[in-house]
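Structural features, examined
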Amino acid sequence: MELTWRWFGRKDKITLPMLRQIGVEGIVTALHDVPLGEVWTREQIRDLREYIESHGLRWSVVESLPVTETIKYGGPDRDRQLEVYRQSLRNLAAEGIRTVCYNFMPVLDWARTDLLHPNPDGTSNLYFSYAEFAYFDIFILRRHGAREEWAAFNRFPGRNVLAEAEALRKTMPPEGEHRLVENIIVKTQGFVSGNIREDDEHPLELFRQLLALYDGLTREQLRENMRYFLEAVMPVCDECNINLCVHPDDPPVPVLGLPRIAGSDEDFEWLLRAVDNPHNGLTFCAGSLSAGLHNDVVALARKYARRTHFVHLRSCHVLPNGDFTEASHLAGRANVVELCRIFEAENPALPMRVDHGRTMLGDETRGYNAGYSFLGRMFALAQVQGVLAAIK
Ligand code: DNO
């Protein structure tokens, strides 16, 4: 597979010369400064492409070309936004960039409650606690119906998440609440989604307004909106030979009363068939998939390798109570070694990036984006390079 790395543009503290030193071949990035809903112009794309190439690297994948909320909930201006999307795709292809990742998660992209969860060895990693997430939902966000939903939540036999959230109420310090808001809707979202910026003064209010757009929207309606999106953009993908690849939901379960439609075998069957075109494919994010006990990640890789256009390698542990944490890239539920074998056999040119990685050896003091440390990711990349060499 092609060794790629997610780089956040010229402002990223991790520079392209650093990436060359550690064996990166291709860059995964986006025009992070273009506001949501605006066309990515050819000039802007060319400027970044040339900058990347001037460092001896190539721009391999766009992650992400964001799908605006109006397309996802089916708002009145969605056709106009779809034309913006098509034009950005044409401009990317004109500059030779033909692998484009996106997601179809309403409002909230990936979700974690703790960004620096300590490990016994002194490193830290990302963590998702159902009790803290329910606490955020019920007592901080105060979402209508949240308490009833958590009372009925029975995914983990024997676990009463509502009772745990209520117990947390007695011990949660005010800075703990602030930390949850930061982790769930600011620090994890600010640099990826464009919905919320790190400097927004009232992120909770903004977040509530975004959630309200989806009031009453069912899973079936979200699916129909995804079909509408795919039907609208596939002709351009055909014409420009673009591989569009949806990122799985992270975690692969509904959150905050919002439906999610890209987190299981059944979902992938549906979305690949809804518009059955080889350009309609998957970003195989092993980490997101491994956070769901319903997913057999290796079986999914075997089944969908042909429709995979981009691979994210990482792996989660699901704890006995159902919480999940990100494992080392050689441990956890995903079985990265076997995944390397499958994807390498399917298509040795497939772009792959190591995802997340631990925070270690001072990464935590450098102000990197959540989950995107330098040393931790470099360590994971080296592990994967070794696996790939052994397989070859
Ligand atoms: C988080 C990322 C996601 C991902 C988008 C793709 O670390 O995996 O934000 O980039 O969902 O659209």
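Residues numbered from 1 in each chain as written. Predicted model: local features only at pLDDT ≥ 70, side-chain atom pairs only at ≥ 80, totals over all residues. Heavy atoms only, no water.

**Comments concerning the site of the ligand**
In the region of the ligand, 13 residues are neighbours, and E63, S64, D109, H356 and Y372 sit closest. Within the side chain of N103, one N or O atom sits 2.9 Å away from an oxygen atom of the ligand. For the ligand, an oxygen atom lies 2.9 Å from a polar atom in the side chain of D109. A total of 330 Å² of accessible area belongs to the ligand in isolation, and the protein chains cover 99% of it. Across the shell around the ligand, the residue classes tally to six nonpolar, four polar and three charged. (Near = heavy atom within 4 Å. Polar contact = N/O pair within 3.5 Å; in protein donor to acceptor, adjacent residues only side chain to side chain. Areas by Shrake-Rupley, 256 points an atom, 1.4 Å probe, with all protein chains shown as cover. Nonpolar A, V, L, I, M, F, W, Y, C, P; charged D, E, K, R; others polar.)

**Overview of the packing of aromatic side chains**
Scanning the entire structure with this criterion turns up 21 aromatic pairs. Ring centres of F128 and Y130 lie 4.9 Å apart, and the angle between their planes is 80°; this geometry places the pair in the edge-to-face category. Taken individually, F128 and Y130 each receive the classification buried, so the pair is uniform in this respect. Clustering of aromatic rings is evident, with ring pairs tying together F128, Y130, F133, F136, W150, F153, F156 and F324. Positioned above the aromatic ring of Y228 is the side chain of R78, whose terminal nitrogen or guanidinium carbon lies 3.7 Å from the ring centre. (Phe/Tyr/Trp six-rings, centres within 6.5 Å; stacked < 30°, edge-to-face > 60°. Buried < 20%, exposed > 50% of the residue type's maximum accessible area, 1.4 Å probe, protein only. Lys NZ or Arg CZ within 6 Å of the ring centre and 35° of its normal.)

**A word on the environment of R306**
Checked against the element boundaries, R306 lands in the loop between α13 (297-304) and β9 (308-313). Residue classification places R306 among the exposed residues on the basis of a relative accessible area of 68%. Residues R306 and V62, spaced 244 residues apart in sequence, show a C-alpha to C-alpha distance of 20 Å. Polar side-chain contacts of R306 include one of 3.2 Å to the side chain of E346. (Helix = DSSP H or I, 4+ residues; strand = E, 2+ residues; numbered from the N terminus.)

Purely geometric numbers; function is a separate question.
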